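# Observations on chain architecture
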Amino acid sequence: MVFMSIKTKQKRKKTHSDDGDLSRIDDRKFGKRLDALIAESEEMRLNRMRQHRTRSFISMNLTIFSILLGVAGFGWFFLVQAILLPAVLSLALSLIPPVFLHVWAARPLKTYVREHKTVFMPKLAKTLNGLKFHPERGVSSKIIGKLAVIPAHDRYEAEDCFMGTYKGVKVIFSEARLYSKNRKDAPLFDGIFVLLETPESVIDGHTIITANSKMVKAYSKTRWKTMQEVHISVSDPEWDKFDIYSTKPESAELIIGDRLLKELSETSEVFDDSPLTAVLFGKKYVFMMIPYEPDMFEASSLFVPVTTKSQAMRCKKEIEQLLEIIDVFDLYEPLHST
C-alpha cells in the first residue's frame, strides 16, 4: 500500500552541497556581477560593430569599383568592338563580387547573435544562481507527450534552456512553442515549459492544477474524464484561481494547500498574470506550462547598447519564484510502500 505523509520535515541546516548547483543571491551582489557582465558584453558588441562598419566601408568601395569595371567592359565591347555577348558577360561578372562582399560584410552581425547565445547567455545563467544554459535544448518531448494538458500538435520547438539543481531537485525550464499544420498564423502555445524532478517520490497519482479556463472547458469531460475534480479551501481569495483534477483526489487534497496555491498564484503574477498550468505526476515530477509570448533571451540590435540589466533582474525574480515552489515540496516526506 502506498501512502503519503505530510508531516513537516524537521528543519536541518543546509550546506552548500545540500543546495546543489543553484543558490540564492541578493540583489546587490547580483547587480555588481551583472554590471561587470554587461560591460563585457558591451565591449563585445562594440568590437563587432566596428568590424561590421569597417567591412561595410570596404565592401561599398569594392562594389562600386567592380560595377565601374563592368560598365567599362560593357562599353568597350558593345560600343567599340560591337560585340554583344562579351559586353553582357562583363556586366554580369561585375555583379558577382558585390554578392560575396555583402555576405562578408554582414558576417559580424551573425557572429554577434551567435556569441550572445554561446558566450553571454552561459555567463548570465551562471550569474543567475549558478544555472547552465543550453541554446537549443528544453523539456524532453517524451515527457510532454505523457501530459494531458498539451494540445495536439505537429511540431515542438524548445530553445534557451536553463538547467540546475536546488535542494536536490532538478530544475529545467526553457522557451517552448507548439505548432500545428492547421494553424499557420500563430503557434498553439508560446511560452515557457518548466520541469522539476524531486530526488524522492512525494507525489501520488496524476494531478492537474490550472488557471486556464479554456483548457478546463476543452478537456474536463474528454481527456480528463478519468480524473475527479478536487476542491481546496484557501485562506486568501487571490489564490482561488485554479481548477484541480486528479486521479487520486484524496492524495491531492493532502499535498495541495494554501502554500502551494499561493506560490503558483504568485508565479502566474510574475509572468504577467499568465493562466499557468501545473501537473504533478510520475511520483516525483512537477511540470508547468506558462503562456508567455515575449522572447526573453534574444540578442539586441548590434547598433543598440546592451541594456539587459532589467531583463536579467526579472529573470532572477522568475527563477527565485520557481525555487519557492520547490521549497513547498521540501515540506513533504517521501512516499513509502508497506
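An account of the accompanying structure is given in this report.

## As for the overall build of the chain
For the chain, the helix and strand inventory stands at eight helices and 11 strands. Burial analysis of the chain (338 residues in total) assigns 45% to the buried set. At a minimum sequence separation of 6, the contacts of the chain that also span at least 24 residues come to 73%. Per element, the accessible surface of the chain, about 18400 Å² overall, is 58% carbon and sulfur.

## Topic: the nonpolar core
If you look at soluble globular proteins, the nonpolar side chains tend to sit buried side by side. Of all hydrophobic cores here, the largest spans 51 residues; its most connected members are Phe 173, Leu 196, Ile 209, Ile 256, Leu 264 and Met 288. Broken down by element, this core gets its largest block of residues, eight residues, from helix H8 (residues 309–329). Residues in contact with Phe 173, not counting those within four places in the same chain, are Leu 131, Asp 160, Cys 161, Phe 162, Ile 192, Phe 193, Val 194, Ile 319 and Leu 322.

## Things to note about the pairing of strand E9 (residues 277–281)
In terms of burial, E9 is a largely internal element, five of the five residues being buried. Neither face of E9 is exposed, since Thr 277, Val 279 and Phe 281 on one face and Ala 278 and Leu 280 on the opposite face are all buried. Bridging between E9 and strand E10 (residues 285–291) involves five bridges; their strand directions are antiparallel. Bridging across to E10, Phe 281 finds its partner in Tyr 285.

## Details of a positive patch on the surface
A grouping of Arg 28, Lys 29, Lys 32 and Arg 33 is seen on the molecular surface, where their side chains present a positively charged patch. Looking at where Arg 28 falls in the secondary structure, it is placed in helix H1 (residues 27–80).

## Remarks on the pairing of strand E5 (residues 189–197)
Taking burial as the measure, the nine residues of E5 include nine buried ones, the bulk of the element. Judged from the nine bridges that link them, strand E4 (residues 169–179) and E5 form a sheet pairing that is antiparallel. Across the sheet, Ser 174 pairs through a bridge with Phe 193, a residue of E5. In terms of strand pairing, E5 meets E10 through seven bridges, oriented antiparallel. Along E10, the bridge assignment pairs Phe 193 with Met 289.

## Observations regarding the packing of aromatic side chains
Throughout the structure, instances matching the rule amount to 10 aromatic pairs. Ring geometry for Phe 133 and Phe 162: centres 5.2 Å apart, planes at 65°, overall edge-to-face. With a gap of 29 residues between them, Phe 133 in strand E2 (residues 132–134) and Phe 162 in strand E3 (residues 155–166) connect regions that are remote in the sequence. Relative accessible area serves as the criterion here: at 8%, Phe 133 is assigned to the buried category. With a centroid separation of 5.5 Å and 25° between ring planes, the pair formed by Phe 281 and Tyr 285 is classed as stacked. When its relative accessible area of 6% is taken as the criterion, Phe 281 is described as buried. A connected cluster of aromatic rings, assembled from ring pairs, spans Tyr 156, Phe 189, Phe 193 and Phe 287. The ring of Tyr 179 carries Arg 155 above its face, with NZ or CZ at 4.2 Å from the centroid. In this arrangement the basic side chain of Arg 223 is found over the ring face of Tyr 219, its NZ or CZ atom lying 4.6 Å from the centre.

Cut-offs and rules
- Residues numbered from 1 in each chain as written.
- Predicted model: local features only at pLDDT ≥ 70, side-chain atom pairs only at ≥ 80, totals over all residues.
- Heavy atoms only, no water.
- Helix = DSSP H or I, 4+ residues; strand = E, 2+ residues; numbered from the N terminus.
- Buried < 20%, exposed > 50% of the residue type's maximum accessible area, 1.4 Å probe, protein only.
- Contact = heavy atoms within 4.5 Å.
- Areas by Shrake-Rupley, 256 points an atom, 1.4 Å probe, with all protein chains shown as cover.
- Core = buried A, V, L, I, M, F, W, Y, C linked by side-chain atoms within 4.5 Å.
- Pairing = 2+ DSSP bridges.
- Patch = residues over 30% accessible without salt bridge, like charges linked within 9 Å, V, L, I, M, F, W, Y side chains within 5 Å.
- Salt bridge = Lys/Arg side-chain N within 4 Å of Asp/Glu carboxyl O.
- Lys, Arg positive; Asp, Glu negative; His and termini not counted.
- Charge placed at Lys NZ, Arg CZ, Asp CG, Glu CD.
- Phe/Tyr/Trp six-rings, centres within 6.5 Å; stacked < 30°, edge-to-face > 60°.
- Lys NZ or Arg CZ within 6 Å of the ring centre and 35° of its normal.

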